[in-house]
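Now for the letters of each chain:
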Amino acid sequence: MNLQIEMNLIQCLVFIIAPFYASGILRKVRARVQGRKGPPILQPFYDMVKFFKKTPKDNPNSGPFAEISPALAVYSSLFLWSIVTFEWVPFLLIPFFLALYRFSLVSFAMETATSFGGLGSSREILLSVMAEPTIILMILVAQSHIEISLTPVGALVGILFLILSFIAILAELNKPPFDDPRTHLELTMVHEAMLLESSGKSLGAFELAYQLKYVSLLGFIIKLAVEHSKIIYNTDLTLLFREAVVLPGILVLSIIMGLWEGISVRRKWSWVPEFMGLAFLSILILGTLVKLS
Amino acid sequence: MFSVVVPKFIQNALPHLLVVGLASVSPLGLSFALDWDTTGRDFPLFLGLVFQAYLGFSAFAFVQSYETENQKWISAGYVVFWFSLGMCYLVGKSIWLPIFLEVATFSTILIYSSTGFKDEQIESLSALLLASGISALFLGAWVFLPDNEGIYFLTLAPLIKSGFSGFHFWLPKVNEGGPSHALGAFAGALEIFPLLLFLRYVVPELEDKLVYQLIFPLASLGIFFGGITAFFHKDPKSLLAYSSIESINFLWLCISIYGMFGGESNSDLVFLSNSFYILFYLTLAHHSLSKTFQLFSIGMVVRLSKLKFLDEMKGIGRSLNISPFLMGIATFSYSVLPGTIGFVSEATYLYLNAKILDMPLGRSVFLLPAMIFIFFGIVTGGFAHIRLFTSLFLSTPSPNLKMEYVSEERKMWIVLSFGSLGFWIVILPVALPWVLKISAIAPYVEPDFLNWLLSVSLISFLTLIFVTSLVAFRWFHQVKYRKFWDCGSNYVGPELSIPASVFSEPLRNSLGRYFLTKDGNSILDQSILNLFQKILDFGGILVKSTKNQEEDISFYLMVSSLALMLLLASIYFVSLGWFVS
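To keep things clear, this report deals only with the structure shown in the data block.

As for the overall build of chain A
The helix and strand inventory of chain A stands at 11 helices and 0 strands. When the helices and strands of chain A are placed in sequence order, the string is α-α-α-α-α-α-α-α-α-α-α. Relative to the 2.2 N^0.38 estimate, which gives 19 Å for 293 residues, the radius of gyration of chain A is 19 Å and therefore close to what a compact globule would have. When the backbone C-alpha atoms are referred to their principal axes, chain A occupies close to 60 × 45 × 40 Å.

Comments concerning the packing of aromatic side chains
For the structure on display, the rule yields 59 aromatic pairs over all chains. Plain terms: the ring middles of Trp-271 of chain A and Phe-275 of chain A are 4.6 Å apart, the flat faces sit at 15 degrees to each other, and that makes the pair stacked. Of this pair, Trp-271 of chain A and Phe-275 of chain A both sit in helix α11 (residues 271-292), 4 residues apart, roughly one helical turn. Of the residues examined, Phe-275 of chain A reaches a relative accessible area of 24% and is grouped as partly exposed. Consider the rings of Phe-62 of chain B and Phe-296 of chain B, whose centres lie 4.2 Å apart with planes at 10 degrees: the pair is stacked. In this pair, Phe-62 of chain B sits in helix α4 (residues 43-66) while Phe-296 of chain B sits in helix α15 (residues 267-305), placing the two residues 234 residues apart along the sequence. Here Phe-296 of chain B falls in the buried class, since its relative accessible area comes to 0%. Put simply, the rings of Phe-65 and Phe-103 of chain A together with Phe-325, Phe-332, Phe-389 and Phe-393 of chain B pair up and form one aromatic cluster. Here the guanidinium or amino end of Lys-201 of chain A rests over the ring plane of Phe-476 of chain B, the centre of that ring lying 5.2 Å away.

Points about a nonpolar patch on the surface
Residue and element names in this part refer to chain A. Among the surface-exposed residues, Leu-13, Ile-16, Ile-17, Phe-20, Ile-41, Leu-42, Phe-45, Tyr-46 and Val-49 lie close enough to one another that they form a single nonpolar patch of about 730 Å² accessible area. Those elements that provide at least two residues to the nonpolar patch are α1 (2-33) and α2 (43-52). Relative to the assigned elements, Ile-17 resides in helix α1.

Focus on the nonpolar core
In terms of nonpolar packing, the biggest core is built from 283 residues, with Leu-93 and Ile-250 of chain A together with Tyr-78, Phe-81, Trp-82, Trp-252 and Phe-280 of chain B touching the most fellow members. Of the residues forming this core, the biggest block, 21 residues, is contributed by α15 of chain B. Setting aside residues up to four positions removed in sequence, Trp-82 of chain B forms contacts with Val-20, Ala-23, Ser-24, Pro-27, Gln-52, Leu-55, Gly-56, Ala-59, Ala-185 and Ala-189 of chain B.

A short note on the interface of chain A and chain B
Contacts between the two partners involve 71 residues from chain A, matched on the other side by 69 residues from chain B. A combined buried area of about 6400 Å² lies between chain A and chain B, and 79% of that area is made up of carbon and sulfur atoms. Linking chain A with chain B are 1 salt bridge, by the criterion used here. Mapped onto the side of chain A that touches chain B, the elements with two or more residues apiece are α3 (64-86), α4 (94-112), α5 (115-143), α8 (200-227) and α11 of chain A. Its residues assigned to classes, the side of chain A that touches chain B shows 44 nonpolar, 17 polar and 10 charged.

Some words on the pattern of salt bridges
A side chain of one charge can pair with a side chain of the opposite charge when the charged atoms of the two come close. Here the structure, examined in full by the defined rule, presents 20 salt bridges over all chains. Across the pair Arg-27 of chain A and Asp-47 of chain A runs a salt bridge, and its minimum N-O distance is 4.0 Å. Of the two residues, Arg-27 of chain A is situated in helix α1 and Asp-47 of chain A in helix α2; the sequence distance between them amounts to 20 residues. On the basis of relative accessible area, Arg-27 of chain A is assigned to the partly exposed category, the value being 26%. Across the pair Asp-448 of chain B and Lys-355 of chain B runs a salt bridge whose closest N-O atoms are separated by 3.9 Å. Taken together, the residues span a long stretch of sequence, with Asp-448 of chain B in helix α23 (residues 447-473) and Lys-355 of chain B in helix α18 (residues 341-357) at a distance of 93 residues. The exposure class assigned to Lys-355 of chain B is partly exposed, which follows from its relative accessible area of 28%. In this structure, a network of salt bridges that share partners links the residues Arg-102, Glu-124, Glu-132, Glu-172 and Lys-213 of chain A.

Considerations on empty space enclosed by the protein
Any empty space left between atoms is shown by rolling a water-sized probe over those atoms. Enumeration over the complete set of coordinates arrives at 5 cavities of 30 Å³ or more. Taken together, 29 residues form the lining of the largest cavity, with Tyr-334, Val-336, Glu-346, Ile-378 and Gly-382 of chain B sitting closest to its centre. Elements with a minimum of two residues in the lining of the largest cavity: α4 and α5 of chain A together with α14 (236-261), α15, α17 (329-334), α18 and α20 (367-394) of chain B. Here the lining of the largest cavity takes 7 residues from α20 of chain B, the largest share from any one element. A class-by-class count of the residues in the lining of the largest cavity yields 18 nonpolar, 7 polar and 4 charged.

With respect to α5 of chain A
All names here are of chain A. Helix length check: α5 (29 residues) gives 40 Å between terminal C-alpha atoms against 42 Å at 1.5 Å per residue, within 8%. In α5, a bend of some 35 degrees at Ala-131 exceeds every other bend along the element, and Pro-133, a proline, comes one to four places later. Most of α5 sits inside the fold, with 26 of its 29 residues counted as buried.

Some details on the packing of α1 of chain A against α2 of chain A
Between two packed helices, both the angle of their axes relative to each other and the distance between the axes serve to describe the pair. Residue and element names in this part refer to chain A. Two elements in contact, α1 and α2, have axes whose closest approach is 7 Å; the angle formed by their N-to-C orientations is 115 degrees. Contacts between α1 and α2 involve Phe-20, Ser-23, Gly-24 and Arg-27 on the former and, on the latter, Gln-43, Pro-44, Phe-45 and Asp-47. Counted by class, the contact of α1 with α2 contains 3 nonpolar, 3 polar and 2 charged residues.

Conventions we followed
- Sequence order as written defines residue numbering, which begins from 1 separately in each chain.
- Chains carry letters from A onward and ligands carry numbers from 1 onward, assigned in written order.
- At least 70 in pLDDT is required for a residue's local features to be given in this predicted model, at least 80 for side-chain atom pairs to be given and counted, and no such filter applies to totals for whole chains, interfaces and linings, which use all residues.
- As a rule here, side-chain values come from all non-hydrogen atoms in the structure, and water together with hydrogens is ignored.
- By definition, any uninterrupted DSSP run of H or I lasting at least four residues is a helix, any uninterrupted run of E lasting at least two residues is a strand, and each is numbered from the N terminus.
- The size measure is the radius of gyration over C-alpha atoms, and the globule rule it meets is 2.2 Å times the number of residues to the 0.38 power.
- The criterion for an aromatic pair is that two Phe, Tyr or Trp rings (for Trp, the six-membered ring) have centres within 6.5 Å, with stacked assigned to planes under 30 degrees apart, edge-to-face to planes over 60 apart and tilted to the rest.
- Working definition: with a 1.4 Å probe on protein chains only, accessible area under 20% of the residue-type maximum means buried, over 50% means exposed, and in between means partly exposed.
- Counting as a charge over the ring demands two things of the Lys NZ or Arg CZ atom: a distance within 6 Å of the ring centre and an angle within 35 degrees of the ring normal.
- Patch building starts from residues that exceed 30% relative accessible area and form no salt bridge, then joins like charges within 9 Å and nonpolar side chains (Val, Leu, Ile, Met, Phe, Trp, Tyr) within 5 Å.
- Areas reported here follow the Shrake-Rupley algorithm with a probe of radius 1.4 Å; residue values treat only the protein chains shown as occluding.
- Definition used for salt bridges: Asp or Glu carboxyl oxygen within 4 Å of a side-chain nitrogen of Lys or Arg.
- For this analysis, a nonpolar core means a set of buried residues of the types Ala, Val, Leu, Ile, Met, Phe, Trp, Tyr and Cys, connected via side-chain atoms within 4.5 Å.
- Residue contacts are counted whenever heavy atoms from the two residues lie within 4.5 Å of one another.
- When two parts are put together, the accessible area they lose, computed with a 1.4 Å probe and summed over both, is reported as buried area.
- Ten residues, namely Ala, Val, Leu, Ile, Met, Phe, Trp, Tyr, Cys and Pro, are considered nonpolar, four, namely Asp, Glu, Lys and Arg, are considered charged, and the remaining ones, Gly among them, are considered polar.
- Buriedness for pockets is judged along seven lines, at least five of which must meet protein on both sides within 12 Å for an open set on the 1 Å grid over protein atoms alone, while cavities are sets there where a 1.4 Å probe fits but cannot get out, and lining residues have an atom within 4 Å of a point.
- Grid points are joined across faces, edges and corners, and a volume is the space filled by probe spheres set on the points.
- To estimate the expected span of a helix, count its residues, drop one, and scale the result by 1.5 Å.
- Throughout, the bend at a residue refers to the angle made by two axes, fitted to the seven residues ending there and to the seven starting there.
- Lines are fitted to the C-alpha atoms to define the axes, a helix being fitted only along its stretch in contact, and any angle between axes, read from their N-to-C directions, falls within 0 to 180 degrees.

What follows is the structure in structure tokens.
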């Protein structure tokens, strides 16, 4: 009983704390890599508070989707984050809330009928078409009881699997080499291009949704790694460890992500389908190898 | 009293509504008079009759908004269509089955009566009659042959009639030229009939698992092919045909797994078999309701714009002045958004895939390669609907785009028709805990699976409440202040909003070009049709010149007579017992 309470406490802590610092750390590390001081770690949070205090100004073409999309994006991301943290329903539902999140963004951008909104939507769909099968496959593995053995081959397969999964998550999060959010040039962006017409609390809601999605996917990959390896033994403490490792795990991955954003560039779009197709096939082959082993 | 309760626009169409309604509901009524085991083996047929009774009403409402001429003939066509299709369910293994199927198919000539029978409509009707004729032929063979031999003909007939992978090429042809109400009725009722027939008569009798082992990989390829072709297609009606091919093949996939593992002793395999049986019904409801809805809604804007290609119709749905939330319900379902029946179906499929991965080695490894095709097909198929909806209903239309005037009365029928379909798309997931108690399917729902479905139902309920409150009360945000952020040259609206091809073109080089020609036709289907054309043009080899001479008639008569004599001689020798072991 005590163990359950401790676990729930850790989960609640992770649920509340991680979205506040993860994105801030990424921005801080990225700035340091580029030789800048960077904003405070809680800057994304301060920005959101500022946005939520302001009344949005909408595009002349905006319609009903502009009114519901921001809240819908927060709803879907909140669900995602709660599934990853508390696991109150299976991970299998993650792709569907990602779909809801994506739909809310694309509908918002398309309704405003700006060239950037259209361009961002088109690229978002391109990335999703290629990344979603891989993410589905990852989640299937996460949901199954496949375990990677502690042999050199097993470890290699496991690490390769995690790297490929991480690449799919980079695509889903619109990070380099798929997108370049730091440029602030609308022509090179996906996520930001779609939100160009949002302002005030609508923009705040979209930002909040993105932060939640970001920590959800990082948290998910950490749980995927811990759950399916035999790094820890199956005792009561294992469950505690599994929950406790999420918070520092997100911290480490955010630092890696910051370093990566600081040194990498966006690749050309024609490269994306080929690369993601290859990633999907590789994950499938690795999955088959794990199953065969 | 009657005139107060029933709105005027319904009163005007009441005589037609009653006759068409009676024709679509009467087979269901007749089924009660038969000694049917509706909670057991006859459940698939009973369900088919329920669907057609309901869709009969929705299609009628849609006809009132879609057609402005020949409504009497169209209604007469639907009376014959619904009644004969219903009778196909009731007559069982008898000669009446192919006869009623043919009557249902031929009634579409009346349903097409407002189209003017141009080239496209003739091709559409011909494709429908051809597929139906071949199916009826095989059904006839099943009727007259003993059970153990005839069952293979009964397997082939539904595969052809439903548009199974490899037999599907007629379906896009039908969609190209048919009126949308007919296409919706075909997708919702006519295409599911063969599947239900197979489930009722073939699955309980067929002991040969090889049939399922053949259906499974072909269905996987069909999902892949249908989804990708739909994503890149330029004609909205053909796009929906390929989406239908994807859905139908998914239904065949469910049946194949149900049949393959049915009767096994291993409890895991029995679990899979039972769960895929339930998934079949969930997907059937999804396909029947959502595809009918899509064909109605997309067909409506195609009709109003009188255009053919998607890119030309950018933003046309916005001019209708009907809520995009209503017009988009089926798109939400195909985009697998939580709260819709499409979500329940796809989520359950993922759940069962995770179960398959946990199975012992031999059984599950063969499914992994199939996943490549299935996942890509499902994902691209879903995005095909997003591409349709966002470009047709969310983009800003050009002021030069001309659209037929839609009266308020016609709009009321649109709302009634789409509302009747959309209601079930969002209510079925919430009603799952009660639906699963239906005695015909309850024995197949195992405890683990029930827990999963209840979770999915709960999620759907929460999402539905959230979205409904958001749409109804707009409590988060209401558009009050508008401002244009000029990013160059003061362009705003139609010049900048994007057409559908902007979604698909970036993927064309890496994916689309292997499946579609530059004109937007399916490479595979075009090749099959070209092959057929070459076979049918075989007589051209015998023709001496392109310009016919008088004496050519006697030459052609000679060829025809020889062919006829050869045929008669073959029949004679077969009757003597030659060529038959």
